[in-house]
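Structure assessment
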Amino acid sequence: MKIDGTHYRSLWWNDDKDVLEIIDQRWLPHEFRVVPVATMQDFADAIYQMRVRGAPLIGATAAYGMALAMAEDPTDANMDAAWTFLEKTRPTAINLRWALDRCRAALRPVAEADRAAAALTLAHEIADEDVEINRRIGENGLALIHEIAARKPAGEPVRVLTHCNAGWLATVDWGTATSPMYHAHDAGVALHVWVDETRPRNQGALTAWELGKHGVPHTYITDNAGGHLMQHGMVDLVITGTDRTTRRGDVCNKIGTYLKALAARDNGVPFYVALPSPTIDWTVSDGVAEIPIEERNAQEITHVQGLTEDGRIGTVQVTPAGTDGGNPAFDVTPNRLVTGLITERGVCEASEEGLANLFPDFARAAE
Ligand SMILES: CSC[C@@H](O)[C@@H](O)C(=O)COP(=O)(O)O
């Protein structure tokens, strides 16, 4: 997407330097820093420390990590070691394992001498496919937004609430949840987005930054405000992303998503999830019981990072010294609370039948 007239993806290959470059998201929205990812340790750190984040972007980054591993040592043993090394960086978003599995399956039959080139080509393919998937999610979500706009008095904006950052920064381009918003805005549909701050990492600030750069009207709200806004008829629909969706349509996403879904159900607000197919985990059914939830460092909640009055990025402590903190990073919204899944192949019910109808090829392959 564009920043001040220049088109950026969230990662790209620098041909001159033969290295992957990323936007280090830890400094956004305050500073736009581009950094190389040049060693296997850089890849693991980038994913774990959330320099790159968001399920699809983690997957694409891991594919480039596999390409580096193959350039360093193209043996089967090193391929397996790279798989294990990268896979353990973040446990919840399934795109990470999906990308690593895809690379390993595709590279195994390739002769060792050709593996480095094949792995890099595959990483580019995975990145490009992500862009196309998200563009299509945007088109399919736009149809929903058009339907809602048509029922509203002329000129009144469609008010969408979103949680976390499922924007272009969380993918290679377009975003998942934001793609319908960008498509609607570009099509001239009046839109207003409620952006949840999304404690503790405040990914909402990334969403606000993205939307602001694109000119989409939005308001940043506390995580606890959503229910109140819905009760007062100020939200027309919710669209979130997902880190892993089970074959029956349970949605695992950033912590707090479940509470939004409960509030949406209580207030008759449609709750949609933008779901690229690599985020479906066909091997699990019951999301609450089966999806591992990442527990992150308590310092993420006992401290906050922001811009100080004198223009420095700094961290301050918000709790008394020594306070214990619990920091589950994701939760699961059961399929019964999800109005529909917006995928690259269309919108479907959050159910085994709904997903299997749209993706019979993947569903069959997983059996
Ligand atoms: C298109 S991104 C979908 C999800 O990955 C997103 O909503 C999310 O939860 C991101 O979590 P994060 O911990 O920032 O990686």
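The rules behind these values
Counting from 1, residues in each chain are numbered in the order their sequence is written. pLDDT decides what is reported in this predicted model: residues at 70 or higher carry local features, side-chain atom pairs at 80 or more are listed and counted, and totals for whole chains, interfaces and linings draw on all residues regardless. Any two strands with at least two DSSP-identified bridges between them are counted as paired. A run of H or I in DSSP counts as a helix once it spans at least four residues, and a run of E counts as a strand once it spans at least two, with each numbered from the N terminus. Think of each axis as a best-fit line through the C-alpha atoms, taken over the contacting stretch in the case of a helix, with angles from 0 to 180 degrees between the N-to-C directions. With C-beta atoms placed from the backbone, a residue is buried if 20 or more other C-beta atoms are within 10 Å of its own, exposed if 12 or fewer are, and partly exposed between those counts. Here roughly perpendicular refers to angles of 65 to 115 degrees, roughly parallel to angles under 35, roughly antiparallel to angles over 145, and oblique to all remaining angles. Residues are scored as being in contact if the C-beta atoms we place from backbone atoms lie within 7 Å. Throughout this entry, Asp, Glu, Lys and Arg are counted as charged residues, while Ala, Val, Leu, Ile, Met, Phe, Trp, Tyr, Cys and Pro are counted as nonpolar. The remaining residues, Gly among them, count as polar. The criterion for a residue being near a molecule or strand is a backbone-placed C-beta atom within 6 Å of that molecule or strand. These domain boundaries are the output of an automatic or database domain assignment.

The next subject is the sheet that holds strand S5 (residues 34-37). The strand order across the open sheet formed by three strands is S3-S4-S5, and the pairing between neighbours is antiparallel. The sheet terminates laterally at strand S3 (11-14) and S5, the two strands that pair on one side only. Each strand of the sheet is rotated relative to its neighbour by a mean of 35 degrees, with strand direction disregarded. With four bridges connecting them, strand S4 (residues 19-23) and S5 associate as antiparallel partners. When the bridges of S5 are listed, Ile 22 appears paired with Val 35.

So, on to unusual backbone geometry. Residue Leu 28 is joined to Pro 29 through a cis peptide bond whose omega torsion reads 5 degrees. Secondary-structure assignment places Pro 29 in the loop between S4 and S5. The phi torsion at Asp 18 lies on the positive side, around 55 degrees, for a residue other than glycine. If you check the backbone angles, Trp 174 has positive phi at about 75 degrees while not being a glycine. Looking at the element boundaries, Trp 174 is found in the loop between strand S6 (158-162) and helix H6 (178-186). For Trp 174, a count of 25 C-beta atoms within 10 Å puts it in the buried group.

Contact geometry of helix H1 (residues 40-48) with helix H2 (residues 55-72) gives a least axis separation of 10 Å together with a crossing angle of 170 degrees. As summarised for this structure, H1 and H2 are arranged roughly antiparallel, according to the angle between their axes. Here Met 40, Phe 43, Ala 46 and Ile 47 of H1 lie close against H2, whose contacting residues are Ile 58, Thr 61, Ala 62, Gly 65, Leu 68 and Ala 69. Here the contact of H1 with H2 is composed, by residue class, of eight nonpolar, two polar and no charged.

So, on to the site of the ligand. Around the ligand lies a shell of 18 residues, among which Arg 53, Ala 55, Ala 170, Gly 241 and Lys 254 are the nearest. Contributing elements (two or more residues each) for the shell around the ligand: H2 and strand S11 (251-254). Of the residues contributing to the shell around the ligand, the split by class is seven nonpolar, eight polar and three charged. Inspection of the shell around the ligand shows a minimum of three residues originating in each of domain 1 (2-129) and domain 2 (138-366).

A few words now on the sheet that holds strand S7 (residues 191-196). Spatially, the seven strands line up as an open sheet ordered S8-S7-S6-S9-S12-S17-S18, and their pairing is mixed. Every other strand in the sheet has two partners, leaving strand S8 (218-221) and strand S18 (346-348) as the edge strands with one partner each. Going from strand to strand, the sheet's axes swing by 25 degrees on average, the running direction of each strand aside. Summarising the sheet, strand S17 (residues 340-343) and S18 pair through three bridges and their orientation is antiparallel. Looking at the pairing, Leu 341 lines up with Cys 348 of S18. Packing of H6 onto the sheet brings it into contact with S6, S7, strand S9 (237-240), strand S12 (271-274) and S17, and relative to S7 it is tilted by some 155 degrees.

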